[in-house]
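Architecture and fold: a report
As a plain string of letters, each chain reads:
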Amino acid sequence: MPRLPGAAGGDHRDRGRAGDGPPVSGEPGTEAVPGTEGGNGTVLLRRARAADARAAADVWLRSFATALPTVVRPRSDAEVRAWFRHVVVERYETWVAEGADGVVAGVMVLEGEELSQLYLAPERRGRGIGDRFVALAKERRADGLSLWTFQVNAPARRFYERHGFRAVEWADGDRNEEREPDVRYVWRPRRS
């Protein structure tokens with residue numbers, strides 16, 4: 001199955017690359033990153049487990065529908081859930097934001113230097129979770145990051161620009177499943 005789109009930011013190109021998968025327990029990168037969500041409770045950023053695939057896919061589906069109502073999604077809900085279960089969580093460095101209530105509130109996926117997916121439950125936007133995900137991505141990929149997002153997604157574009165990403169390529173959508181114009185962003189650390 002081709003890679004699916006990134007609403008909040010992400011690579012929605014049909015590249016079909018395999019990833020290294022998450023490290024096993026005890027290896028670097030399995031740590032949880034605690035924090036608070038704007039005074040509304042604790043949110044834990046942690047590596048996704050197989051049991052998180054359905055909840056992460058559901059966040060993706062709800063976020064896509066809310067953030068991109070004019071973009072036609074070429075995959076069914078069942079296909080997206082299968083992609084998360086069999087590809088995203090198994091093959092890529094996938095993180096979830098888990099609320100104090102145990103509910104998955106967001107998902108972030110790193111594939112090599114790409115921030116390929118970053119989605120938040122619509123009701124959890126604007127509470128600092130996305131900021132924490134980007135900080136974590138920059139920590140995990142200290143040499144730099146890239147991502148794609150749809151041109152129509154102005155809030156995501158402002159979000160990434162606020163976090164130091166620069167638009168480096170504008171495309172007409174001929175290389176993504178949605179056929180939606182997109183933009184590639186890059187972040188590189190400042191060297192002293």
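As a reminder, the structure under discussion sits directly above these lines.
Per chain, residues are indexed from 1 in the order of the written sequence. This being a predicted model, a pLDDT of at least 70 is required before a residue's local features are given, and a value of 80 or more before pairs of side-chain atoms are given or counted; all residues contribute to the totals for chains, interfaces and linings. With hydrogens and water set aside, each side-chain value is computed from the structure's full complement of heavy atoms.

Concerning the nonpolar core
Operational definition: Remark: nonpolar core denotes a set of buried residues (Ala, Val, Leu, Ile, Met, Phe, Trp, Tyr, Cys) joined through side-chain atoms within 4.5 Å. Think of it in three bands: residues with accessible area under 20% of the maximum for their type are buried, residues over 50% are exposed, and the middle band is partly exposed, with areas taken using a 1.4 Å probe on protein chains only. Think of it this way: any DSSP run of H or I at least four residues long counts as a helix, any run of E at least two long counts as a strand, and we number them from the N terminus.
If you look at the biggest cluster of nonpolar residues, it comprises 24 residues, and the most contacted ones within it are M108, L115, L118, I129, F133, Y160 and F165. Looking at this core, the elements that each hand over two or more residues are β1 (43-47), β2 (93-99), β3 (104-111), β4 (114-120), α3 (129-140), β5 (145-150), α4 (154-162) and β7 (182-187). The biggest single contributor to this core is α3, with 5 residues. Listed in part, the 23 residues of the second largest apolar core include A48, A56, V71 and V88.

Some details on the pattern of salt bridges
This is how the line gets drawn: What makes a salt bridge here is a side-chain nitrogen of Lys or Arg within 4 Å of a carboxyl oxygen of Asp or Glu, nothing more.
Applying the stated rule across the entire model yields 14 salt bridges. Of the charged contacts, one joins R175 and E169 as a salt bridge, the two residues approaching to 2.9 Å between their closest N and O atoms. Using a relative accessible area of 43% as the deciding quantity, one classes R175 as partly exposed. What makes E169 partly exposed here is its relative accessible area of 26%. Within this structure, R46, D52 and E98 form a network of salt bridges that share partners.

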